[in-house]
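So you can see what is in the structure, the chains are spelled out below.
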Amino acid sequence: PARDALLEVNNVEVIYNHVILVLKGVSLSVPKGGITALLGGNGAGKTTTLKAISNLLRSERGEVTKGTIRYAGERIQDLEPAALVRRGVIQVMEGRHCFEHLTVEENLLTGAYTRRDGKAAIQSDLEMVYAYFPRLKERRKSQAGYTSGGEQQMCAIGRALMSRPRMILLDEPSMGLAPQLVEQIFEIVRAVNEGEGVSFLLAEQNTNVALRYAHDGYILENGRVVMDGPAAALRENPDVKEFYLGMS
Ligand code: ATP
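Each value, and the rule that gives it
- Residues numbered from 1 in each chain as written.
- Predicted model: local features only at pLDDT ≥ 70, side-chain atom pairs only at ≥ 80, totals over all residues.
- Heavy atoms only, no water.
- Pairing = 2+ DSSP bridges.
- Helix = DSSP H or I, 4+ residues; strand = E, 2+ residues; numbered from the N terminus.
- Core = buried A, V, L, I, M, F, W, Y, C linked by side-chain atoms within 4.5 Å.
- Buried < 20%, exposed > 50% of the residue type's maximum accessible area, 1.4 Å probe, protein only.
- Contact = heavy atoms within 4.5 Å.
- Axes fitted to C-alpha atoms, helices over the stretch in contact; angles between N-to-C directions.
- Near = heavy atom within 4 Å.
- Polar contact = N/O pair within 3.5 Å; in protein donor to acceptor, adjacent residues only side chain to side chain.
- Areas by Shrake-Rupley, 256 points an atom, 1.4 Å probe, with all protein chains shown as cover.

Let us now look at the sheet that holds strand β1 (residues 5–16). In space, the 4 strands of this open sheet follow the order β2-β1-β4-β5, with antiparallel pairing throughout. Unpaired on one side and paired on the other, β2 (20–31) and β5 (74–75) mark the two borders of the sheet. Sheet analysis places strand β4 (residues 62–71) next to β5, joined by 2 bridges and oriented antiparallel. Looking at the pairing, R70 lines up with R75 of β5.

Here's what the structure looks like:
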């Protein structure tokens, strides 16, 4: 096992509906305090990998049929998502998923539901989230459904932070956002990583931005890791440049 790995995915295979083999033996690791990017095109298996880790495949009729997933040394693949949240692992789903009829602040507070500590701690974490996302503070009384796409993405990440995670699985944070907002979201990811020590595994089709903020990356193609390494090395790799960064 990799030294100082917080999350270790080893040779994981996922099958949907008992027959559709989608992950064909994926291995990756996220170091403690790392930002690791999971890259690849549409349908490569990024979301499936994140859902395998957070045990969200069952509702999609998917199943991990081979391999192991360990977090902080513990095998986690049979744990319920809520049990994982209590251990500090939380997923932010693609497409943001805020509760549209709740206000921004109510959304953030729903993120604290698994916690057993008191009101004061939750209040101080709310302030922590607002410090990273001043925009959410301005919008805290607004109904989430009426906020912009960027604000909803912030709200989804902020809500995850309210569970006091050690690791966030972030699915496609750039999706549907203007370049400037994408940059802003990634700046916040970096700030949370540095400020709170939260580790990130982030799935992204936007290779360019992901490799500028991540420390390491894995490229998935057709359910297999085809390349991995430090982000700086991947950025300079000729194949990555040609096929993923659109330059040659
Ligand atoms: P995207 O960016 O489109 O989400 P991705 O890399 O995250 O792409 P996945 O969503 O993991 O890819 O999908 C990988 C493959 O698994 C695709 O071929 C997809 O059609 C298939 N797949 C995903 N969910 C299911 C499901 N519930 N049942 C059957 N096949 C599925």
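All right, on to the nonpolar core then. One broad trend across soluble globular proteins is that nonpolar side chains are buried collectively. Within the largest apolar cluster, 49 residues are counted, with the highest numbers of intra-cluster contacts made by F133, L136, I168, F200 and L202. What F200 contacts, discounting residues up to four positions off in sequence, is V30, G34, I35, T36, I168, L170, V189, V192 and N193. The next biggest cluster of nonpolar side chains, apart from the first, holds 30 residues, and it includes V9, V14, A44 and A83.

Inspection of the secondary structure puts S142 in the loop between α5 (134–138) and α6 (149–161). Look at S142 and you get buried, because its relative accessible area is 18%. Among all residues touching S142, those that are not within four sequence positions of it are L102, T103, V104 and T147.

Next up on the list: the sheet that holds strand β9 (residues 216–221). Backbone-to-backbone hydrogen bonds join strands into a sheet, with any given pair of strands oriented parallel or antiparallel. Strand order in the open sheet formed by 6 strands is β6-β7-β8-β3-β9-β10, with mixed pairing between adjacent strands. Of all the strands in the sheet, just β6 (89–92) and β10 (224–230) have a single pairing partner and so form its edges. Geometrically, the sheet is characterised by an average inter-axis angle of 15° between neighbouring strands, direction not taken into account. Lying on the sheet, α6 is in contact with β6 and β7 (167–171); it crosses β6 at an angle near 170°. This element, helix α7 (residues 179–196), spans β3 (35–39), β7 and β8 (199–204) of the sheet and lies at about 160° to β8.

Around the ligand sit 16 residues, and of these N42, G43, G45, T47 and T48 come closest. In this structure, N42 approaches the ligand through a side-chain N or O atom, which is 2.5 Å from an oxygen atom. Within the backbone of K46, a nitrogen or oxygen atom sits 2.8 Å from an oxygen atom of the ligand. Against a free-state accessible area of 630 Å², the protein chains account for coverage of 69% of the ligand.

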